[in-house]
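# Commentary on secondary and tertiary structure
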Amino acid sequence: MSVLIKGGRVITAADDYVGDVYIEGERVSLIGESLDVEADKVIDAGGRYVLPGLVDPHTHLDMPFGGTTTIDDVESGQTAAAFGGTTCHVDFIIQPQGSSFADAVSDWKAKADGKQVIDMGYHMAVTDLREGGSLEELASLPDQGITSYKLFMAYKGALMVDDETLFKTMEVAAETGALVMVHAENGDAIDVLVKKALAEGKTEPKYHALTRPPETEGEATNRAIQLARVAGCNLYVVHVSCQESVEPIALAREKGWDVWGETCTQYFFVDYTFLERPNFEGAKYVYTPPPRDKANQDVLWAAVRNDVLSAISTDHCAFLWDGQKTLGKDDFSKIPNGGPGLENRLHMIHEFGVRQGRIGLNRMVELLATNPAKLFGLYPKKGTIAVGSDADIVVFDPDKKHTITAATQHSKIDYNLYEGTEVTGTPETVLLRGNVLVEGGELVVEPGIGQFVKRARFGEHLTAVEAAA
Ligand SMILES: [Zn+2]
């Protein structure tokens, strides 16, 4: 099978030109001006952007959490991703306490079996190094293509690890070349504040934010950075939401330490006041870290412009408002933490980042595709359009208007964080390894086409050929 994408404006992190992209089999084999080649399928991309398939480094599909399970499984979550132009994501395997890492890996792979619409990799969330996985087992994960370890510094009594487990994992990462990812909040202090609020009868959704002040995020971010320096590992801070955590990352990067950070789409748009919406509407915005005061939104835009933050993910972690979020109707601490986003990252960042002049198109591609691919051992197989790279491509119509609404989305969740937002620009055709996934507003493949990707270690390149070996 060969595909010729003709006359589009090809935009990568570095380039911007009008040209043709020729795909043979699963990879791009030729790029040029007015290519004179025969193809089984020709896509006229005149007036369109031709972007690399986006990479989302932070998602939670089919994940048990807070007494329930996220509503999007691999099939529905990846379908939503495909419609949003995301063709590869890295999901979190959560090690159940007392369980080996090997058991957790096979559990998670079973969840994806036969359901994959796009390509995916896994991070390992380390929760237990005492009764569960051993340090030796942890050290063996990068050989299986799982080259990042995630640690929760919050969610006391559930996923949270103490500093001993955090630091031991960092030491293993320094040896194995894995990237350490932290959910940075001070879980002990937050636990005290949550208990105090509940004892005072403060149960509404807004107390989710009021018991997790931004200083607790700043403190944990700085702690993780300093411990990573002692251990000598590479550190990536997930879902940075506020100035208090941007600052220690900015300092670290200025000093040349091995620290990177991401924020998520929602932190640019949803602020604390959304949690105050009446009739339990606020519960839709209960995710962690919580929506912050609006002033932080400009801080985050500046941080992605200045490369203090290197990636924008979604932290897609979808729970139904009616039936799952309602578990916390009388107690905000029982509201399952998480929000949706896989389908609208490109819509929102293109509209409010590029069209409103906050970032350029190249930087958008870098934040949504290239940097996530580089940081997580997927580049240059993923994250760019180049000869030899996977033909994961989004043909994007920059002039087409689209209204974001739960009524037409592909996720199974019953709301959308950006309900009613009108954007100009939407993915038109989406390809995964040369296969057309989305065309004419329809998913045109059967689930099962997506693959698990064995990722390279931090800083190492992953070519399409190596990944297939
Ligand atoms: Zn997350």
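### Let's talk about the coordination of the zinc ion
Distances from the zinc ion to its protein donors, H58 (NE2), H60 (NE2) and D315 (OD), fall at 2.0 to 2.2 Å. The motif formed by the donor residues of the zinc ion, counted along the single chain, is H-x1-H-x254-D. Of this pair, H60 sits in the loop between β6 (54-59) and β7 (64-65) while D315 sits in the loop between β15 (311-313) and α10 (345-355); the two residues are 255 residues apart in sequence, bridging distant segments of the chain. The two residues H60 and D315 agree in class, both being buried.

### Considerations on the sheet that holds strand β14 (residues 259-264)
Across the sheet, eight strands lie side by side as β6-β9-β10-β11-β12-β13-β14-β15; this open sheet has parallel pairing. If you trace the sheet from one side to the other, it starts and ends with β6 and β15, each paired once. Here the average twist between neighbouring strands, direction ignored, is 30 degrees. The pairing of strand β13 (residues 234-237) with β14 spans three bridges and is classified as parallel. Directly across from V237, in β14, lies its bridge partner G261. Of the strands in this sheet, β6, β12 (179-183), β13, β14 and β15 are in contact with helix α11 (residues 361-375), which crosses β6 at around 65 degrees.

### What to know about the pattern of salt bridges
This structure, assessed with the given rule, holds 30 salt bridges. Ionic pairing is found between R253 and D307, a salt bridge with its closest N-O pair at 3.1 Å. On the criterion of sequence distance, the pair formed by R253 in helix α8 (residues 243-254) and D307 in the loop between α9 (295-305) and β15 is long-range, its members being 54 residues apart.

### Describing helix α1 (residues 74-83)
By the criterion of burial, α1 is predominantly enclosed, with nine of the ten residues buried. Every buried residue of α1 is listed here: V74, S76, G77, Q78, T79, A80, A81, A82 and F83. Contacts from the buried residues of α1 go to β9 (86-94), α2 (101-112), β10 (119-125), β17 (422-432), β18 (435-439) and β19 (442-443). Of the residues flanking the start of α1, the one acting as N-cap is D73, its side-chain oxygen 3.2 Å from the backbone nitrogen of E75. Residue G85 follows α1 closely and has a positive phi angle near 90 degrees.

### Concerning the confidence of the model for the protein chain
Looking at the protein chain as a whole, the pLDDT averages 97, with 99% of positions reaching at least 70. Looking over the protein chain, one finds the lowest element-wise mean pLDDT in helix α12 (residues 464-468), namely 62, and the highest in strand β5 (residues 49-52), namely 99.

### Thoughts on the side chain of S411
By the element assignment, S411 lies in the loop between β16 (393-403) and β17. What makes S411 buried here is its relative accessible area of 11%. Discounting chain neighbours no more than four positions away, the residues touching S411 are D72, S76, A80, H316 and E343.

### Remarks on the pairing of β6
A regular strand places its side chains on the two faces of the sheet in alternate fashion. Of all six residues that make up β6, six are buried, and the element is covered over most of its length. Note that β6 and β9 share four bridges and pair parallel. The residue of β9 that forms the bridge with V55 is C88.

### A word on the packing of aromatic side chains
The tally for this structure, following the rule as stated, stands at 14 aromatic pairs. Between Y236 and F376 the ring centres are 4.9 Å apart and the planes differ by 80 degrees, which places this aromatic pair in the edge-to-face class. With Y236 in strand β13 and F376 in the loop between α11 and β16, this pair connects stretches of sequence that are 140 residues apart. Just as Y236 is buried, F376 falls in that class too. Between the NZ or CZ atom of R229 and the centre of the ring of W257, over which it lies, the distance is 3.7 Å. Its guanidinium or amino end placed over the ring of F274, R277 lies 4.1 Å from that ring's centre, counting from NZ or CZ.

### Brief notes about the side chain of D72
Along the chain, the position of D72 falls in the loop between β8 (68-69) and α1. Buried and unpaired, D72 has K412 as its nearest opposite-charge partner, separated by 5.9 Å. Leaving out residues up to four positions away in the same chain, D72 has contacts with L61, D62, G77, H316, A318, S411 and K412.

### With respect to the environment of V37
Of note, V37 is situated in the loop between β3 (27-32) and β4 (41-44). It is 45 Å that separates the C-alpha atoms of V37 and V237, two residues lying 200 residues apart in sequence. Aside from chain neighbours lying at most four places away, what touches V37 is L4, Y22 and L30.

Criteria and thresholds
Residues numbered from 1 in each chain as written. Predicted model: local features only at pLDDT ≥ 70, side-chain atom pairs only at ≥ 80, totals over all residues. Heavy atoms only, no water. Donors = N, O, S within 2.8 Å, 3.2 Å for Na, K, Ca; no water. Helix = DSSP H or I, 4+ residues; strand = E, 2+ residues; numbered from the N terminus. Buried < 20%, exposed > 50% of the residue type's maximum accessible area, 1.4 Å probe, protein only. Pairing = 2+ DSSP bridges. Axes fitted to C-alpha atoms, helices over the stretch in contact; angles between N-to-C directions. Contact = heavy atoms within 4.5 Å. Salt bridge = Lys/Arg side-chain N within 4 Å of Asp/Glu carboxyl O. Polar contact = N/O pair within 3.5 Å; in protein donor to acceptor, adjacent residues only side chain to side chain. pLDDT = per-residue confidence, 0-100. Phe/Tyr/Trp six-rings, centres within 6.5 Å; stacked < 30°, edge-to-face > 60°. Lys NZ or Arg CZ within 6 Å of the ring centre and 35° of its normal. Lys, Arg positive; Asp, Glu negative; His and termini not counted.

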